[in-house]
Amino acid sequence: MIRALRPTLLRLAALPVLFALSACLTIEPVPGPPGAPSVQQPARAQPARPQTPRAQPPRAASQRAAAPRSAAPIVIRDDRGGHVLSAMQRREELASSGRPVEIRGYCRSACTIYITLPNACLGPGATVGFHAPRIAGTNIIAPGVDQMMGQYYRGGIRTRWFNEWSRSLEMQRISAREYVRLDPRTRLCRS
């Protein structure tokens, strides 16, 4: 009986550690160039209206990701990154918003996981910055967070993330065009 329960007991024993780590899994922003613009928050989607008594069937994921042509884009500009778990949650919200997402300016750290959204494009003049995910206020690289972030990268970006960037305490900057060269599935926004 103990052998059968062992995997479950190990997972339960790890929960307090995971909760403690999740509280400090912030990617500390690396200072940008002097005079860098401040972070601007994108417009939030309006809250959903209450369902009528006749509930509609849920839309397919492909329908949620496809935005109506008239939907105003959500613009993420000069995003410094931050808490990885919060960025993962925000990524899901952006994906299900049904609106196009434009990533412009300097997207660094946890912001980089938004670039591969199916409804996202990268501004042609954007700069993208990668560095190791660190426990807030330290230079300690948080274990496992590189895997969490790496799941959102593709192609050459994924390769460079796991081979270099995920262990670098220094910001590694690339242009939007270099990003697309490394991940050709990424779309550039219209100017």
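Residues numbered from 1 in each chain as written. Predicted model: local features only at pLDDT ≥ 70, side-chain atom pairs only at ≥ 80, totals over all residues. Heavy atoms only, no water.

**Here we look at the overall build of the chain**
- Helix and strand content of the chain: six helices and six strands.
- Ordered by position from the N terminus, the helices and strands of the chain form the series α-α-β-α-β-β-β-β-α-α-β-α.
- Taking the contacts inside the chain whose residues are at least 6 apart along the sequence as the reference set, 71% of them involve residues at least 24 apart.
- If you sum the accessible surface of the chain, you get close to 11600 Å²; carbon and sulfur atoms cover 57% of it. (Helix = DSSP H or I, 4+ residues; strand = E, 2+ residues; numbered from the N terminus. Contact = heavy atoms within 4.5 Å. Areas by Shrake-Rupley, 256 points an atom, 1.4 Å probe, with all protein chains shown as cover.)

**A word on unusual backbone geometry**
- One non-glycine residue, Asp78, lies in positive phi territory at about 50°.
- Positionally, Asp78 belongs in the loop between strand E1 (74–77) and helix H3 (84–96).
- With phi around 60°, Ser109 is a residue other than glycine that occupies positive phi space.

**Focus on the pairing of strand E5 (residues 127–130)**
- Bridge count between strand E3 (residues 106–108) and E5: three bridges; the pairing is parallel. Bridge pairing in E5 links Tyr106 to Thr127.
- Across four bridges, E5 lies against strand E6 (residues 172–175) in antiparallel orientation. What sits directly across from Thr127, in E6, is Ser175. (Pairing = 2+ DSSP bridges.)

**Regarding the sheet that holds E1**
- What the three strands build is an open sheet, ordered E1-E2-E4; its pairing is parallel. Edge positions in the sheet fall to E1 and strand E4 (120–122), since each has one partner strand and no second. Each strand of the sheet is rotated relative to its neighbour by a mean of 20°, with strand direction disregarded.
- As paired strands, E1 and strand E2 (residues 101–104) are joined by four bridges and run parallel to one another. Bridging across to E2, Arg77 finds its partner in Arg104. (Axes fitted to C-alpha atoms, helices over the stretch in contact; angles between N-to-C directions.)

**Quick word on the pattern of salt bridges**
- Within this structure, the stated rule accounts for five salt bridges.
- Across the pair Arg154 and Asp183 runs a salt bridge whose closest N-O atoms are separated by 2.9 Å. Here the residue Arg154 occupies a position in the loop between helix H4 (145–150) and helix H5 (155–163), and Asp183 occupies one in the segment after helix H6 (176–182), the gap between them amounting to 29 residues. For the pair shown, Arg154 and Asp183 are each scored as buried.
- Of the charged contacts in the structure, one is a salt bridge between Glu178 and Arg181, with a shortest N-O distance of 2.8 Å. Of this pair, Glu178 and Arg181 both sit in helix H6, three residues apart, which is roughly one turn of the helix. (Salt bridge = Lys/Arg side-chain N within 4 Å of Asp/Glu carboxyl O. Buried < 20%, exposed > 50% of the residue type's maximum accessible area, 1.4 Å probe, protein only.)

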